[in-house]
Amino acid sequence: MSASKIVCRVGQAKNDKGDIIVTTKSGGKGTSTVSFKLLKPEKIGILDQSAVWVDEMNYYDMRTDRNKGISPLSLRPANPLGIEIDKGRFPQKDLEALFPGMSADFTSENFSAAWYLIENHSTTSFDQLKTAVVNLKKQANKKNEGSLASVKGGLSTFFEAQDALSAIHQKLEADGTEKVEGSMTQKLENVLNRASNTADTLFQEVLGRKDKADSTRNALNVLQRFKFLFNLPLNIERNIQKGDYDVVINDYEKAKSLFGKTEVQVFKKYYAEVETRIESLRELLLDKLLETPSTLHDQKRYIRYLSDLHAPGDPAWQCIGAQHQWILQLMHNCKESYVKEQKGNSLLHSPMLDLDSEVRPSPIGHLSQTASLKRGSSFQPGRDDAWRYKAPQQVVFVEKLTKLVVSQLPNFWKLWISYVNGSLFSETEKSGQMERSKKNARQRQNDFKKMIQEVMHSLVKLIRGALLPFSLREGESRQYGGWEMKSELSGQWLTHVIQTVRLSSESLTALEIPNDMLQIIQDLISDLRVRCVIVTLQHTAEDIKRLAEKEDWVVDNEGLTSLPSQFEQCIIHSLQSLKTVLDCKPGEASVFQQQKTQEDVCQLSIGIMQVFIDCLEQLSTKPDGDIDTAHLSVDVSSPDLFGSIHEDSTLSSEQRLLIALSNCRYLERHTFLNVAEHFEKHGFQGVEKITQVSMESLKELDQRLFEMYIEFKADPIVGSLEPGIYAGYFDWKDCLVPAGVRNYLKEALVNIIAVHAEVFTISKDLVPRVMSRVVEAVSEELSRLMQCVSSFSKNGALQARLEISALRDTVAIFLTPESDSSFKQALEALPQLSSGTDKKLLEELLNKFKSSMHLQLTCFQASSSPMMKT
């Protein structure tokens, strides 16, 4: 009836409402949110409009109980009362309940006049109902009288017709008794034949022209009627040239449905021409589909066209295969171009790479903050041209390669997804293509997985060939390598490459490519991170080795040069440059996960510490005239260069030893512990071992340097004691009464004071350690000399006790158990003082010595520094 109303006839139903079930042409079933309402059918007349088909049937006049079928034209009128019908608004259910088993249809045998009047004349006045009764009576009388009147009026006509038919019959019978040739019908036939022949003779030429004209007209009508087919080959060519493939496909589908199975030869011939051009179009579209480069939109468009044209095979899968081969070819061409460029066979300039440029998102810009590990360089961030580095070809190649893969693989992946879900095909072809794809879905899926894996393997191996050639097999080096490895990339460039590969991995993960296909990239990142850590530590060791060239021997208030600080800063900068490498991104494992990596990093870390210790030893033990200033040219920019060389030339070997000892002391108590903390902070394994081995090595160096210094300083003092004691043929058995401490002891004390002054000038913290050891050496020698004397006279014993006591009291603050024992042994070797006079004289002479040398002995009197046992 309308867009929102449907009327239909249904069978017998009990309920007034029911559910509507939606069924599609393809057999699918759906649901409807509305239900249907059951209405009792009304009697539909032959001239009434109906929304449904009404079967033709015989109508019976039930009221007159006639079984004879009557014509529909003689049915009761739609308005038997002959007055205006005014339909009431009484609910159908209420009327059915009021008149059970009755009907408002006046032709029904269960007709209820009251129901009919309520339904059609509920507002009609009584006078009008009276008029209706009169009309009913007239219609009944008219029908009964009408049949008889028509028979009476035409009775004479019926008789005349009967008489004419009888006369004709008698005449024919009379003629039939004569000879046959002379019968009336025979004569009539002859006359008609002659008339026909005469007509043919007269009109033959005209009729021939008419037939020819009709034939031409029919041919023109056929051409006009089927001009679509006859013009189609030319229209297809024109539309192909214009690129209107949709028009060609629609015309082809129409022609195929109309003439695909025709038996008419002309139509067959022209349809064959159409098929020939369509086949050429299929080949053209397939060539365009497999042409590279091409956008994903164009690929989908051509695949849809080929699908609509029922192209043989699987064009979509052919496109996927061609795209896969093209990506692989692009990757290898990229490698070849950069290898040639590195060898100087192609481009004139090397590409420049700005580390702070927008080649990649911001994480790569962070690399510029760790640009250089060289000491003495000044870093200023920003887009200054001074920081536009000429990148190694391998780094630029990895940038280009990853950018290529990240730009091409998404379309390749989306093409596969569209192939799987059927969105590449038109609605008419989708079901057929989906059925075909389901049959070989597993094989296609495995093949595509191999394609993705091949791309990933090529990407990883090309990067390995450029950066980690030793990780490739022997047969793979030719295909994926070929780079000239003059020197390995520095840690900063490897960090840059790691960031690049990480960003590429994130981009590929965002495509929802399965993780098992991307695992090989994670393995590459892991190997690059390990290599970056190792290379950075190796370069750090080289930088630390060059720190010896920067030693200026300028001592601060704590007796230290800048060397320990430079060493610590070098380590810190190196570790900071590795921060992004050591930090684990999602899906990455720790760099130190492998045991071998832990051992290698631990050994390299120990090597760094050992290099610095060797550097200290080299600086402290180098002869005065062997200061190598050739390497100092690298620091010409330093304002203290020439001053440092001048200062260095005035330092003695003993002073350099003291400075080295002071540095060693600081390294042991502060720097090495700080470095260990930084190692732990950055996740290094085996820090305890690194610290232990480094400390042991440092202590060994410290002890060697200390022994060298003591040998330099203590040996001359010790060697001067014996000649001084026996100067002037002095004899312990025969000597005068002591008048005071002899000069040899004063000279030894002055030499000890000189050592004190030299040590104090460099580092007051070293004074107790050095002085205690010097005192030990002197006391030990003095004890030996005393024990070697066979006998003492009284004056000799007093003189010896005076000098031993004077020395012991003077250096009391630096006594150690060893030196104190030596003094006791020396005194025990002397005869005891028997008289009080001798003791008093000894005390007076000691006080006189301390008073006369008060100024010189001040350095031995008070010190806040604790004594150190060596």
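Residues numbered from 1 in each chain as written. Predicted model: local features only at pLDDT ≥ 70, side-chain atom pairs only at ≥ 80, totals over all residues. Heavy atoms only, no water.

Notes on the overall build of the chain
When helices and strands are tallied, the chain shows 28 helices and two strands. Buried residues in the chain amount to 39% of all 870 residues. (Helix = DSSP H or I, 4+ residues; strand = E, 2+ residues; numbered from the N terminus. Buried < 20%, exposed > 50% of the residue type's maximum accessible area, 1.4 Å probe, protein only.)

Re the packing of aromatic side chains
The final tally for this structure, using the stated rule, is nine aromatic pairs. Residues Phe-99 and Trp-115 carry aromatic rings whose centres are separated by 5.9 Å and whose planes lie at 15° to one another, so their mutual orientation is stacked. With Phe-99 in the loop between helix 1 (92–98) and helix 2 (113–120) and Trp-115 in helix 2, the pair connects residues that are 16 residues apart, well separated along the chain. Summarising the aromatic geometry, the rings of Phe-567 and Phe-612 are spaced 4.1 Å apart at their centres and angled 15° between planes, so their arrangement reads as stacked. Placement of Phe-567 in helix 18 (residues 563–577) and of Phe-612 in helix 20 (residues 595–621) is noted, with a sequence separation of 45 residues between them. Here Phe-567 and Phe-612 have matching classes, each one buried. Taken together, the ring pairs in this structure connect Trp-413, Trp-416 and Phe-448 into an aromatic cluster. Between the NZ or CZ atom of Arg-769 and the centre of the ring of Phe-706, over which it lies, the distance is 4.1 Å. (Phe/Tyr/Trp six-rings, centres within 6.5 Å; stacked < 30°, edge-to-face > 60°. Lys NZ or Arg CZ within 6 Å of the ring centre and 35° of its normal.)

What to know about the nonpolar core
Met-331, Leu-409, Ile-521, Phe-567 and Met-786 are the most contacted members of the largest nonpolar core, which totals 184 residues. The leading source of residues in this core is helix 17 (residues 515–545), at 15 residues. Discounting residues that sit within four places of it in the chain, Leu-409 has contacts with Ile-327, Ile-452, Val-455, Met-456, Leu-508, Leu-511 and Ile-513. By size, the runner-up hydrophobic cluster in this structure holds five residues, among which are Ile-83, Phe-106, Tyr-116 and Ala-132. (Core = buried A, V, L, I, M, F, W, Y, C linked by side-chain atoms within 4.5 Å. Contact = heavy atoms within 4.5 Å.)

Quick notes on helix 9 (residues 296–308)
In this model helix 9 runs 18 Å from its N-terminal to its C-terminal C-alpha over 13 residues, within 8% of the 18 Å that 1.5 Å per residue would give. Those residues of helix 9 that fall on the buried side of the exposure criterion are Leu-296, Gln-299, Tyr-302, Ile-303, Tyr-305, Leu-306, Ser-307 and Asp-308. (Expected span 1.5 Å × (residues − 1).)

Some remarks on the side chain of Ser-458
For Ser-458, the location among the structural elements is in helix 14 (residues 441–467). Not counting chain neighbours up to four residues away, the residues in contact with Ser-458 comprise Leu-328, Met-331, His-332 and Tyr-480.

Here we look at the pattern of salt bridges
Counted under the stated rule, the structure contains 19 salt bridges. One salt bridge in this structure joins Glu-237 and Arg-277, with 2.8 Å as the shortest N-O distance. Pair noted here: Glu-237 is in helix 6 (residues 227–242) and Arg-277 is in helix 8 (residues 265–290), with a separation of 40 residues, a long-range link. Here Arg-808 makes a salt bridge to Asp-809, at a shortest N to O gap of 4.0 Å. (Salt bridge = Lys/Arg side-chain N within 4 Å of Asp/Glu carboxyl O.)

What to know about the confidence of the model for the chain
Of the residues in the chain, 79% have a pLDDT of 70 or more, and the chain-wide mean is 75. Predicted confidence is poor over residues 345–389, with pLDDT under 50, and the contacts of this stretch with residues over four places away or in other chains come to 85 contacts. Across residues 864–870, where pLDDT falls below 50, the model places 16 contacts with residues more than four positions away in sequence or in other chains. (pLDDT = per-residue confidence, 0-100.)

Things to note about the pairing of strand 2 (residues 29–37)
Looking along a regular strand, one sees the side chains alternate between the two faces of the sheet. Two strands pair when backbone bridges link them, and strand 1 (residues 17–23) and strand 2 are joined in this way by six bridges, in the antiparallel orientation. Paired with Lys-17 across the bridge in strand 2 is Lys-37. Count of turn residues in the strand 1/strand 2 antiparallel hairpin: five residues, of which Gly-27 carries a positive phi of about 105°. (Pairing = 2+ DSSP bridges.)

Some points on a nonpolar patch on the surface
On the surface, Ile-20, Val-22, Val-34 and Phe-36 cluster together to form a nonpolar patch covering roughly 300 Å² of accessible area. At the level of secondary structure, the elements contributing two or more residues to the nonpolar patch comprise strand 1 and strand 2. (Patch = residues over 30% accessible without salt bridge, like charges linked within 9 Å, V, L, I, M, F, W, Y side chains within 5 Å. Areas by Shrake-Rupley, 256 points an atom, 1.4 Å probe, with all protein chains shown as cover.)

Some details on the environment of Met-786
Within the element layout of this structure, Met-786 appears in helix 25 (residues 767–788). The sequence separation of Met-786 and Ala-829 amounts to 43 residues, and the corresponding C-alpha distance is 6.3 Å. Other than its neighbours up to four places away in sequence, Met-786 contacts Ile-725, Trp-732, Phe-792, Ala-800, Ile-804, Ala-826, Ala-829 and Leu-830.

A short note on unusual backbone geometry
Residues other than glycine seldom take positive phi values, yet Tyr-729 does so here, at roughly 55°. Positionally, Tyr-729 belongs in the loop between helix 23 (687–725) and helix 24 (743–762). Classification of Tyr-729 by relative accessible area gives exposed; the value is 82%.

A look at the packing of helix 9 against helix 12 (residues 393–421)
In contact at an axis separation of 10 Å, helix 9 and helix 12 are set at 30° when each is read in the N-to-C sense. Accordingly, the angle class assigned to the pair helix 9 and helix 12 is roughly parallel. The handedness of the crossing between helix 9 and helix 12 is right-handed. On the side of helix 9, the interface is formed by Leu-296, Gln-299, Lys-300 and Ile-303, while helix 12 contributes Asn-411, Lys-414, Leu-415 and Ser-418. In terms of residue class, the contact of helix 9 with helix 12 is made up of three nonpolar, three polar and two charged. (Axes fitted to C-alpha atoms, helices over the stretch in contact; angles between N-to-C directions. Parallel < 35°, antiparallel > 145°, perpendicular 65-115°, else oblique. Left-handed = near helix turned anticlockwise from the far one by under 90°. Nonpolar A, V, L, I, M, F, W, Y, C, P; charged D, E, K, R; others polar.)

Description of the environment of Leu-39
Considering the arrangement of structural elements, one finds Leu-39 in the loop between strand 2 and helix 1. Along the backbone, Leu-39 and Val-7 are 32 residues apart, and their C-alpha atoms lie at a distance of 9.8 Å.

Observations regarding the packing of helix 20 against helix 22 (residues 653–681)
It is at 9 Å that the axes of helix 20 and helix 22 come closest, and there the two elements cross at 165°. The angle between helix 20 and helix 22 falls in the class roughly antiparallel. Between helix 20 and helix 22 lies a crossing whose hand is right-handed. Contact residues: Ser-605, Met-609, Phe-612, Ile-613, Leu-616, Leu-619 and Ser-620 in helix 20; Ser-653, Arg-656, Leu-657, Ala-660, Asn-663, Cys-664, Leu-667, Phe-672, Val-675 and Phe-679 in helix 22.

Here we look at the environment of Val-774
Considering the arrangement of structural elements, one finds Val-774 in helix 25. What makes Val-774 buried here is its relative accessible area of 0%. Sequence spacing of Val-774 and Ile-752 is 22 residues, and the spatial spacing of their C-alpha atoms is 7.6 Å.

A look at the side chain of Thr-561
One can find Thr-561 in the loop between helix 17 and helix 18. Residue classification places Thr-561 among the buried positions, given a relative accessible area of 6%. Among the polar contacts listed, one links the side chain of Thr-561 to the side chain of Asn-663, at a separation of 3.1 Å. In this structure Thr-561 touches Glu-551, Trp-553, Val-554, Val-555, Ile-659 and Asn-663, once residues within four positions along its chain are discounted. (Polar contact = N/O pair within 3.5 Å; in protein donor to acceptor, adjacent residues only side chain to side chain.)

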